[in-house]
Each structure stands twice: as structure tokens, then as C-alpha cells.
Amino acid sequence: MADDKNPKIDAATGTQFKGHEWDGIQELDTPLPRWWLWTFYASILFAIGYVIAYPAIPMLNDYTRGMLGWSSRGALEQELAARADQVAPIHQAIAATTIEKLAGQPQLMQAAIEGGRAAFKVHCVQCHGSGAAGGKGYPNLNDDDWLWGGDLATIEKTLIDGIRNPGHDATRVSMMPAFGRDQLLTAPQVDDAVAYVRVASRQDKPSAAAQRGATLFADNCAVCHGTDAKGNRALGAPNLTDGIWLYGGDTESIHQSVWNSRQGVMPRWDDKLSPATIRMLAVYVHSLGGGEATLVEAAAAADNGVEGNVAQ
Amino acid sequence: MLMPTDTSDLYEKRKGVFPKAVDGFYRRLKWAIMVVTLGIYWVTPWIRWDRGPYAPDQAVLVDMANRRFYMFDIEIWPHEFYYVAGLLVMAGVGLFLVTSAVGRAWCGYACPQTVWTDLFQHVERFIDGDRNAQVRLAKARWTPSKLARRLAKWSVWLIIAFLTGGAWIFYFADAPTLQREFWSGTAAPVAYGTTALLTATTFVLGGFMREQVCIYMCPWPRIQTAMLDEKSLVVTYKDWRGEKRGSVKKAAAHPGEFGDCIDCDQCVAVCPTGIDIREGPQIGCITCALCIDACDKVMAQVGRPRGLIDYCTQDDADAEKQGAAPRPVLKTLLRPRTIAYLLVWSSIGAAMLFALGARTRLDIAAQQDRNPIFVTLSDGAVRNAYTIKIRNMETRPRPMTVRAEGLPGALLWTDAMAREQARATVDVTVPPDSVAKLRLYAAVPAAGPQRQDFRFVLTATDREGGTASEPARFERPQ
Ligand code: SF4
Ligand code: SF4
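Remember, predicted model here, so these are calculated numbers, not experimental data. (Residues numbered from 1 in each chain as written. Chains lettered and ligands numbered in written order. Predicted model: local features only at pLDDT ≥ 70, side-chain atom pairs only at ≥ 80, totals over all residues. Heavy atoms only, no water.)

### What about the overall build of chain B?
Across its full length, chain B carries 17 helices and 15 strands. The C-alpha atoms of chain B give 33 Å as radius of gyration, which overshoots the globular expectation for 478 residues (23 Å, by more than 25%). By its C-alpha atoms, chain B is 115 × 60 × 50 Å across when sized along the principal axes. Residues classed as buried in chain B amount to 46% of the 478 residues present. (Helix = DSSP H or I, 4+ residues; strand = E, 2+ residues; numbered from the N terminus. Rg over C-alpha atoms; globule rule 2.2 N^0.38 Å. Buried < 20%, exposed > 50% of the residue type's maximum accessible area, 1.4 Å probe, protein only.)

### Observations concerning the site of ligand 2
As a matter of local geometry, ligand 2 sits amid Tyr237, Cys261, Ile262, Asp263, Cys264, Asp265, Gln266, Cys267, Arg278, Cys295, Met299 and Ile309 of chain B. Broken down by secondary-structure element, the contributors of at least two residues to the shell around ligand 2 are α13 (266-270) and α14 (290-302) of chain B. (Near = heavy atom within 4 Å.)

### Concerning the sheet that holds strand β12 (residues 425-430) of chain B
Residue and element names in this part refer to chain B. The four strands lie next to each other as β12-β10-β14-β15, forming an open sheet whose pairing is antiparallel. Pairing within the sheet leaves two strands with one partner each, and these edge strands are β12 and β15 (467-475). Shown here is a sheet whose adjacent strand axes are inclined to one another by a mean of 25°, direction ignored. Strand direction decides the pairing type here: strand β10 (residues 398-405) and β12, joined by six bridges, are antiparallel. Residue pairing in the sheet places Arg398 in a bridge with Val430 of β12. (Pairing = 2+ DSSP bridges. Axes fitted to C-alpha atoms, helices over the stretch in contact; angles between N-to-C directions.)

### Describing the interface of chain A and chain B
Every contact between the two is made by 30 residues of chain A and, on the other side, 25 residues of chain B. Here chain A packs against chain B, burying approximately 2300 Å² in sum over the two surfaces, 57% of which is carbon and sulfur. For chain A, the biggest contributors to the area lost against chain B are Pro31, Arg34 and Trp35 of chain A; these three give 26% of the whole. At the surface where chain A touches chain B, the tally comes to one salt bridge. For Arg419 of chain B, the salt bridge identified is with Asp144 of chain A, shortest N-O distance 3.8 Å. (Contact = heavy atoms within 4.5 Å. Buried area = accessible area lost by both parts, 1.4 Å probe. Salt bridge = Lys/Arg side-chain N within 4 Å of Asp/Glu carboxyl O.)

### Description of the packing of aromatic side chains
Residues and elements named next belong to chain B. Applying the stated criterion across every chain yields a total of 34 aromatic pairs over all chains. Look at Trp168 and Tyr171: their rings are 6.2 Å apart centre to centre, the planes differ by 40°, and that puts the pair in the tilted class. Judged by relative accessible area, which is 13%, Tyr171 ranks as buried. Look at Trp413 and Tyr441: their rings are 5.4 Å apart centre to centre, the planes differ by 40°, and that puts the pair in the tilted class. With a gap of 28 residues between them, Trp413 in strand β11 (residues 411-414) and Tyr441 in strand β13 (residues 434-444) connect regions that are remote in the sequence. The pair formed by Trp413 and Tyr441 is uniform in burial state, with each residue classed as buried. (Phe/Tyr/Trp six-rings, centres within 6.5 Å; stacked < 30°, edge-to-face > 60°.)

### A closer look at the domain arrangement of chain A
Each assigned domain of chain A is listed with its residue range as follows: domain 1 (34-66), domain 2 (88-159 + 267-304) and domain 3 (176-260). Placing a centre on the C-alpha atoms of domain 1 of chain A and another on those of domain 2 of chain A gives a separation of 53 Å. (Domains from an automatic or database assignment.)

### Re the layout of surface pockets
Residue and element names in this part refer to chain A. Approximately 1600 Å³ is the volume attributed to the second largest pocket. Top element by residues in the lining of the second largest pocket is helix α4 (residues 106-123). It accounts for seven residues. For the lining of the second largest pocket, a count of residues per class yields 18 nonpolar, 16 polar and 15 charged. (1 Å grid on protein atoms, 1.4 Å probe; cavity = no way out; pocket = protein on both sides within 12 Å on 5 of 7 lines; lining within 4 Å. Points joined across faces, edges and corners; volume = space filled by probe spheres on them. Nonpolar A, V, L, I, M, F, W, Y, C, P; charged D, E, K, R; others polar.)

### Brief notes about the sheet that holds strand β3 (residues 68-71) of chain B
Residue and element names in this part refer to chain B. Spatially, the three strands line up as an open sheet ordered β2-β3-β4, and their pairing is antiparallel. Here the strands that pair on one side only, and so sit at the sheet edges, are β2 (60-63) and β4 (74-76). Going across the sheet, the axis of each strand differs from the next one's by a mean of 10°, ignoring polarity. Where β2 meets β3, four bridges bridge the pair, whose relative direction is antiparallel. Bridging from a neighbouring strand, Asp63 pairs with Arg68 of β3.

### Overview of the environment of Ile113 of chain A
Residues and elements named next belong to chain A. Residue position: Ile113 is located in helix α4. Residue classification places Ile113 among the buried positions, given a relative accessible area of 13%. Considering only alpha carbons, one finds Ile113 and Arg65, 48 residues apart in sequence, at a separation of 42 Å. Other than its neighbours up to four places away in sequence, Ile113 contacts Val283, Tyr284 and Ser287.

### What to know about the site of ligand 1
The full set of residues close to ligand 1 is Val235, Cys271, Pro272, Thr273, Ile275, Ile277, Cys285, Ile286, Thr287, Cys288, Ala289 and Cys291 of chain B. Along the lines of polarity and charge, the residues of the shell around ligand 1 split into ten nonpolar, two polar and no charged.

### Examining helix α10 (residues 220-227) of chain B
Residue and element names in this part refer to chain B. Looking only at α10, the buried set comprises Pro221, Gln224 and Met227. The buried residues of α10 occupy one face: seen down the axis, they fall within an arc of 125°. The elements touched by buried residues of α10 are α2 (82-102), α3 (105-110), α9 (211-217) and α17 (336-358). (Arc of directions from axis to C-beta.)

### Regarding the domain arrangement of chain B
Its domain assignment divides chain B into domain 1 (25-226), domain 2 (231-327) and domain 3 (362-475). A C-alpha centroid distance of 74 Å is found between domain 2 of chain B and domain 3 of chain B.

### Some details on helix α7 (residues 187-200) of chain A
All names here are of chain A. Compared with the 20 Å implied by 1.5 Å per residue over 14 residues, the 20 Å span of α7 between its first and last C-alpha is a close match. In terms of burial, α7 is a largely internal element, ten of the 14 residues being buried. Within α7, burial applies to Val190, Asp192, Ala193, Val194, Ala195, Tyr196, Val197, Arg198, Val199 and Ala200. Against α8 (208-220) and α10 (251-260) lie the buried residues of α7. Downstream of α7 by one or two residues, Arg202 has phi in the positive range, about 60°. (Expected span 1.5 Å × (residues − 1).)

### A word on the pairing of β10 of chain B
Taken together, the six bridges between β10 of chain B and strand β14 (residues 451-460) of chain B define a ladder with antiparallel strand orientation. Looking at the pairing, Arg403 of chain B lines up with Val457 of chain B of β14 of chain B.

### A few points about the pattern of salt bridges
With the rule as written, the count across this model stands at 49 salt bridges over all chains. A salt bridge links Asp270 of chain A to Arg268 of chain A; its shortest N-O distance comes to 2.8 Å. Residue Asp270 of chain A is classed as partly exposed on the basis of its relative accessible area, which comes to 32%. In this structure, the salt-bridge partner of Arg403 of chain B is Glu405 of chain B, at a minimum N-O distance of 3.1 Å. Given a relative accessible area of 33%, Arg403 of chain B falls into the partly exposed group. The partly exposed category is assigned to Glu405 of chain B, whose relative accessible area is 39%. Overlapping salt bridges bring together Glu124, Asp128, Arg150, Lys153 and Arg210 of chain B as one network.

This is the structure:
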């Protein structure tokens, strides 16, 4: 019990003091429990086992690689390979389903949208922007205005063959002449034509210049843009009466377009991406809010027709 | 004494503890608490609770996969995790309350380490006999009969440990299904892993580590000793009454010279942590009160008043030393500190109950597309897109509508609709107990403020009704 005579022994516990003291608080030399020592030895054994099994000790040019041959890079590769195996059947299914039929399979459609979202971030954002909102000369893919058409099959065709892709016969081409530069129209005539387009798009009030321009438009522009200036998707001629302008709808920008013409380009992708990826991109772009349903309905109608035939 | 005076050795071997069986008020209380706590632990996952066809029928279920926590009529979603946080705070304050009032009562009665050790010790007495037989057997050489006894004891421990570890997993899945899967070998590996781990820890901690857990591993005793004060009840040997110790014979021979303690060491014999309470309060004492029972029995036998060892506060002990009469235990419980804890504890509980009662069963959240923020459509209208999440916490499908309040002329449609179908409201049926995610488009004429605040209002259109709303913003090009 209390050992007042020996100052090296704590009276309450009978344990020896270590001799360390902080502000009157002293350290006791309490023995550790023996089992604790065993857990300590066990953890040493574990550490040795770990060093043998796993990469552990850095060397001059290398490191000890461990018996299991594990590496974080290898683990990542395994995970990526596993993921690839996981999505392979989905990609196969997407590649094997025509885009018109895809719409009838919501799950595949959803997978395609997500796959397209990922591919878009890699291949398309450079021009169309990360939100697909485009910019001057690069179409906004979120809206409902399409140069060549906004249904799934048409978008896919645009992706496959591109626009004005040199040396590719199937690519989409539209030829807007440089009316001013090539002196097809005089400078005042170009001004009049521009004035007409401004009126046709309800941005300006009718004027004498616009009236002169109307005649010029009918003679020079309506071939592609239509007599009502609503454009022609078969030719890739934009609708000039709506609220969306690829190169700007102000007088100055329209003047530029008429004088010099515009020749936007988009690469063909069929030589760079797999059919499944292109299909997924088309589905993703279609899902952004402006996708058109016409062809899907047509396909559904066609399907019904086939069934009808079978029934007969 | 807990620590050896011999410091020549850096490590101390565990001293065997062979607590003697005892009977009495506190022992019976401990039996009752053991039955209740073990009963709760083993029975709870098997209680069924009807929640309709769309939700599990297990009364208490932690559904990790679907991120739901069910407790009878209460269903907690992950976003309501603050209820669990609240429960933890209550547990913390509850610990303060209990400790400041009755000391280490948690340790002595309710701690799983105590309860399972108690159970294991009971098995030990059943197979090996009481204290003396156990001591003899421990010292004996390894003979076949000792081996047989040991194997028998370990087997029973192992069975209990397995039942303990195995019961845990039933809180995390449908119990009957999981049990079938478990025995047919088709349960998830984590079920077997958890069972194996908890079986091992129960076996080792309850069978072999016992008081070592309390003395060396557990942080609770340190925290609890810090929270005790001189008004907390602790198991106290009333030395002013007991000293000087001496047998009944000696006391009879020398009246007035000896105290009430007859130095029979019964209090030490029954102590599950193997300490001598007569050396004063110490960290090894889990306040199981078994020494009180033991000493009371001795006092009854020798015809002296009970309570030589008893629950007593430090202050009362000092007062009694000065000759005051013992204060009834109940009187020590109510004091400003415990009342303050009780108020905090119960107001948190009341606030949580109130919040539970008042919580809405449906909710809407809206996130505006930021890239692009707006899209001009060919007819000149401006479109914003939103990701809408509608939460239906009822366990049945519910029809709802969403409209944009404060956004004049707004037409809404979803990505599953054509713009021609856009209306002022969008109808959606939200599946039971789930969150429906919608991509919602809103279009308004181009003329208007660049930024316009409005609200998405969600209305349930079934009989129960109900509504929720979420602020949102519409943006136009400059
Ligand atoms: S001293 Fe008494 S109360 Fe404390 S652990 Fe031992 S038997 Fe239990
Ligand atoms: S049980 Fe009571 S009488 Fe016996 S030794 Fe302990 S304190 Fe003394």
C-alpha cells in the first residue's frame, strides 16, 4: 500500500515512478499487458509478410515488386479491362441496332446517351463546346434549328460523312457563292439583299432597299433558301426567317455571309470512330433538346406496315 | 492491486480471474438486463412489420443497398441522416447523464463486453464448477479430462459467439431470406465475413480478454472517470465502518477494536475484474455491484447491517465519515447537473420527434442546366433546362404535377415529350419510395428580364394531396 518512505514508488498504485515530471504530473512505470506484446509481434509478422507480398522498398532504379506482382497501374488496367468487358455487349447491341429501331429500346437508348455524352467530351467539344452550345460558325446542338435535319438518322449521317470533308464523296456539301467577292452582285445589290433578309427575319421594318432585295433574293438566293427564305435541308441551306443565326443575324454579319459566303466544315467520323460510338454520339446530340422525331415515327409506321404485311 | 509492484518485468501476464457465483439484488438486476438486452439483440431482426407491397416487411432494417433505414413506422432516407446524428448526440448526452448520476452504470450492466463476458462466465461455472474448482482446474496438468472440459467449454462459447456474430447480419437484409441463403451458401461474401469476424471477436473478447478489454483497450473508462464528480454514485467500500478488519471471533474477543469487515475476501472473490474494492475507487471497477451483493450476504450472516460496500457518492462518503446518516440513493440522482443533462437530452429527443412528425412525404429539387444556361429556339422563344428530382417517400406510387409559379407564359415539357406537347404543367407518376428524375424544359417568350426568379411547385394529385416547392431561376440572353 502507501509507501511514503520511498519517493520512487507511487502510493496509490504501488508502481515505480519513471522519474519524469511535468508540472507535478509524474509518469508511472506501469507494465504493459503481455498480450499487447503478442499483438505487437503479430503486426511485425504482418509487416514482413506484406513486404514479401507487395511492392515495398524503393531501390535505385526500381523497387521490390512483391511476390503477388500487384501494382496500382496493373490494378487500374484490370479495372478498365473489366469495365470494357462490361460495356462491350452494350456497344455490340448498339452497333447491331439501326438507329431508327434504337428509339424503341429505352434501356439501350439511355446507355447510348451516356456513351455519347462521354464520347462527345472527347471528340466534339473542341468545336461545339462542352455544353454543345456551339459558337459563331459552330452550330448550337441544343436548339431546334438544323441545317441538314435533326432526326436520329440524319444526325448520324452527318456524323458519319461530315460536312465538306475533303476527298470524301459522300460528305455533305452546300455551295453558297461569294456574291460580293466574286462580283456576282454589285455592292449596292448585296446591301439590298441583306436588307431583305433582315426584313424576312422580322428584324427590320420593310423598306425600299428590302423591296429591291426581294427581287434579287428571288433571282439569286431562292434556289437554295427557298422562295419563302425558309431554307432547304436537302441542300443544307439555312432557314433565314427564324431566330437562330450560325454566323450572326445583324446586318454586318449577314453582309459578310453574302459577300464572302460561309464554308463551315466538320470532319467525317466513320474513319475515326466505331459505328457504335457514332451512333451513340448521334443519340446524345439528338437528346439535347432539339432532336426531331419525324423519322422515328416514320420508322415506327414502316414497322407497322411490315407487320401488316405479315398479317396479310 | 491492479499493477504489480515488481517492476523488474516490462510486461505483465494476465492474472486469472475466477469470479465466484453470487446472488442478490444486483445480480438479479443484471440477469434481467442480460435477458432484455440479449433478447432485443436476437429477436429484433425477426419482427415483421407490414409496410405494403413496395417496402420490406422487416421492422428494423438497415438497407444499405437501397440506402434506407427502417425502424417500425419510421423510415429514414439518406438525406435525413441528421436523425441518426441526433440519436448519436442523444447517446452522448445520455452517457453524460447516466455517468454523472450513477457513474459507470453502462459498464456494469449494459455494455456488450460486460453482458457477453457475464454469459461466458456463467457457461464456465456450468462446465467447470464455481471459483475454487476453476482455480484447481486452471492449475491442473493437461489430462484428457481437463482437455474434454476445456473443449466442451470452448465449444459452447463458440456456439454463443457464432449466434452473436451471425445475428448481426440480419439487421442488414431480410432476415428469413438471408438465413436461407446463409445456410445454402449463396449469401453475399460480406455476410460470411462479418459473421466470421464477429464470431471471432466475441469468442476472444468474451472468453479470454474479458477485463483486459475494460482495463486496457476501452476508452470508455477513461472518459467516464473524467465525467464522474464527487456527486456521482460509485461502488464504495465504507472504510470508516469496515476498518479495522478482523474476524468475528477477534471482534468478539476485543469489542470496539474492530470494524464491520470480517476480512472474508468475498468481495474480491466475486469481482469479475479481479480487483479489491476495499482499496478505493479504481479504474478496474466497472461498478457491476456484485461485491455489494456478496458483502450484504456476509453481513446478513454475521448479523450486521447491510451496505458495508454500497453505492455512495464521494460527498456522502465524506459526510458519513463525519457521522451523518446514509442518504437514500434516489436523493443523489436529482441535482442541477443531471437535471440540465436530462433537459438537453429530452429536448433533443422532443425536437427529433417533432421533426419526424412534421416532415413532408414529398419533395422537389431543381437544378438548372449551366451549360448552356439558355437556348434560343427557332421561333425566338428562350428555353432553359432543369434537372428535377421528385421524392416520393410513401410506399405507393403517386401521381403528381409540376408547374412553374411566377414564370408567366412558361410552357413545360420533358425530354420524353415533343415540344408541341408542352403545357403549363407536367404530369408525372413517381414510383413508390423513390426519387424520380426528370429532365424538364421550360420555354418562355424572348421578351422579359434577363434573370427571373420563380418556383417549381409540386402537387400530389391523389387523395392525400400535398405540395412542395423549390426556388429556381430562368435566364435569357441579354
Ligand atoms: S469492485 Fe465490485 S463493483 Fe467493481 S467490478 Fe469488482 S465486483 Fe464489480
Ligand atoms: S465481503 Fe464485505 S466483509 Fe467480506 S471482505 Fe469484503 S468488505 Fe469485508
